[in-house]
Amino acid sequence: MEEEAIPILRVADAAAAVRWYERLGFSPQWEHRFAPELPAFVEVARGRVRLFLSEHTGDARPDTLVYLRVADVDEIAAEFGVPVAEAPWAREVELRDPDGNRLRVGTPTE
């Protein structure tokens, strides 16, 4: 097993959040609920990058910022119709998911 950190993002509607993250190239891995009427906890993955999306109110705070390094930020910028910003360390876009979580997505310049 490789050690890793997996950010947890608070979402109001896990199914809607999964659809949005699929646009970023993530795929749903699994979903857990203690009972059908209780909040969902979902894992999405893009290659080796994983995120947990949680409907549980105590798991995370809205407006969290996660940085994702990707091979081609232009592909993501085109999918979301946003311009790419040039920074000394990377070409980047900043997105907000439906719940207000911020994702800064960048391709390193070196």
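The shown structure was predicted, so the numbers you read here are calculated from the model rather than taken from an experiment. (Residues numbered from 1 in each chain as written. Predicted model: local features only at pLDDT ≥ 70, side-chain atom pairs only at ≥ 80, totals over all residues. Heavy atoms only, no water.)

> Is there a simple way to explain the packing of aromatic side chains in this structure?
Describing an aromatic ring pair means giving the distance of the ring centres and the angle of the ring planes. Applying the stated criterion to the full structure yields six aromatic pairs. Centroid distance Trp20 to Tyr21: 4.9 Å. Interplanar angle 75°. Geometry classified as edge-to-face. Note on Trp20: relative accessible area 11%, which makes it buried. Under the relative-accessibility criterion, Tyr21 is labelled buried at 0%. With centroids separated by 6.0 Å and ring planes inclined at 20°, the aromatic side chains of Trp30 and Phe41 adopt a geometry described as stacked. Placement of the pair is Trp30 in strand β2 (residues 27-32) and Phe41 in strand β3 (residues 41-46), with a sequence separation of eleven residues. Here a set of aromatic residues connected by ring pairs shows up, and it is made of Trp20, Tyr21, Phe26 and Phe80. The ring of Phe80 carries the charged tip of Arg23 above its face, separated from the ring centre by 4.1 Å. (Phe/Tyr/Trp six-rings, centres within 6.5 Å; stacked < 30°, edge-to-face > 60°. Buried < 20%, exposed > 50% of the residue type's maximum accessible area, 1.4 Å probe, protein only. Helix = DSSP H or I, 4+ residues; strand = E, 2+ residues; numbered from the N terminus. Lys NZ or Arg CZ within 6 Å of the ring centre and 35° of its normal.)

> Help me out: how do you make sense of the sheet that holds strand β5 (residues 65-69) in this one?
Pairing between sheet strands relies on hydrogen bonds along the backbone, with the strands arranged either parallel or antiparallel. Spatially, the four strands line up as an open sheet ordered β5-β8-β7-β6, and their pairing is mixed. Each having just a single partner strand, β5 and β6 (85-86) make up the two edges of the open sheet. Relative to the sheet, helix α2 (residues 73-80) contacts β7 (90-96) and β8 (102-108), its axis offset from that of β7 by approximately 30°. (Pairing = 2+ DSSP bridges. Contact = heavy atoms within 4.5 Å. Axes fitted to C-alpha atoms, helices over the stretch in contact; angles between N-to-C directions.)

> What's the story with the pattern of salt bridges in this structure? I'm lost.
Enumeration over the complete set of coordinates arrives at eleven salt bridges. Residue Arg91 is joined to Glu86 by a salt bridge in which the shortest nitrogen-to-oxygen separation is 2.9 Å. Here Glu86 falls in the exposed class, since its relative accessible area comes to 57%. Three or more residues are tied together by salt bridges with common partners; here these are Asp63, Glu94, Arg96, Arg102 and Arg104. (Salt bridge = Lys/Arg side-chain N within 4 Å of Asp/Glu carboxyl O.)

> Could you clarify how one ought to interpret the pairing of β8 in this entry?
With respect to burial, β8 is a largely interior element, five of its seven residues being buried. The sheet contact formed by β7 and β8 spans seven bridges and is antiparallel. From the neighbouring strand, Leu95 faces β8, where its bridge partner is Leu103. Counting the residues between successive antiparallel strands, the hairpin from β7 to β8 contains five residues, one of them, Gly100, with a positive phi of roughly 90°.

> Looking at this structure, how should I read the pairing of β3?
Consecutive side chains along a regular strand alternate between the two faces of the sheet. Among the six residues in β3, five count as buried, and that is most of the element. One ladder, built from six bridges, connects β3 with strand β4 (residues 49-54); its direction is antiparallel. Each bridged residue has a counterpart across the sheet, and for Arg46 the counterpart in β4 is Val49. In this antiparallel pair of consecutive strands, β3 and β4, the connection spans two residues, and Gly47 shows a positive phi of 60°.

> Teacher, can you tell me more about unusual backbone geometry here?
In most cases, non-glycine residues show a negative phi, while peptide bonds are predominantly trans. Located in the positive-phi region is Asp63, a residue other than glycine, with phi close to 70°. Take Asp63: its relative accessible area is 39%, and that puts it in the partly exposed class.

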